[in-house]
Amino acid sequence: MSKIGVGFIGAGGIAQGQHMPSYAKLSDRVELIAVADISESSARSAAERFHIPHVYTDFREMLRRDDIHAVVV
């Protein structure tokens, strides 16, 4: 079975403290693809911390990806 690609809209405290760590634990079934936040520094920090390869400041641009199957807001 292929992995579910997940994108995150928002890279604040709840995202980095709850959502991202929870999804990262599911690495056998989930791939963290991208994070979008209006604060580029927050998005980059989350991407580095959770090894998320793609960073956006506009969530609409992130949603154009065809490898994202689910979005966490």
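Being a predicted model, the structure only gives us computed values, none of them experimental. (Residues numbered from 1 in each chain as written. Predicted model: local features only at pLDDT ≥ 70, side-chain atom pairs only at ≥ 80, totals over all residues. Heavy atoms only, no water.)

Concerning the pattern of salt bridges
Where charged atoms of side chains with opposite charge meet at close range, the side chains can pair. Just so we agree on the cut-off: Think of a salt bridge as a Lys or Arg side-chain nitrogen and an Asp or Glu carboxyl oxygen that are within 4 Å of each other. Accessible area is worked out with a 1.4 Å probe on protein chains only. A residue is then buried under 20% of its type maximum, exposed over 50%, and partly exposed in between.
A full pass over the atoms with the stated rule returns 4 salt bridges. Two residues, aspartate 28 and arginine 29, come together in a salt bridge whose shortest N-O distance is 3.7 Å. Accessibility expressed as a relative area gives 56% for aspartate 28, which makes it exposed.

Details of the sheet that holds strand 2 (residues 30-36)
Note the threshold: Whether two strands pair depends on DSSP finding at least two bridges between them. The way it works is that DSSP assigns letters per residue, a run of H or I at least four long becomes a helix, a run of E at least two long becomes a strand, and they are numbered from the N terminus. Here an axis means a line fitted to C-alpha atoms, over the contact stretch when the element is a helix, while the angle between two N-to-C directions is reported on a 0 to 180 degree scale. Contact criterion: two residues are considered in contact whenever any of their non-hydrogen atoms come within 4.5 Å of each other.
The parallel open sheet is built from 4 strands, whose spatial order is 3-2-1-4. On the outer flanks of this sheet lie strand 3 (54-56) and strand 4 (70-72), each paired with one strand and no other. Going from strand to strand, the sheet's axes swing by 30 degrees on average, the running direction of each strand aside. Relative to strand 3, strand 2 runs parallel, the two sharing 3 bridges. Residue pairing across strands places valine 35 opposite valine 55, the latter belonging to strand 3. Docked against the sheet, helix 1 (residues 13-24) engages strand 1 (4-9), strand 2 and strand 4, running at close to 150 degrees with respect to strand 2. Contacts from helix 2 (residues 40-50) reach strand 2 and strand 3 within the one sheet, and its direction differs from that of strand 3 by about 165 degrees.

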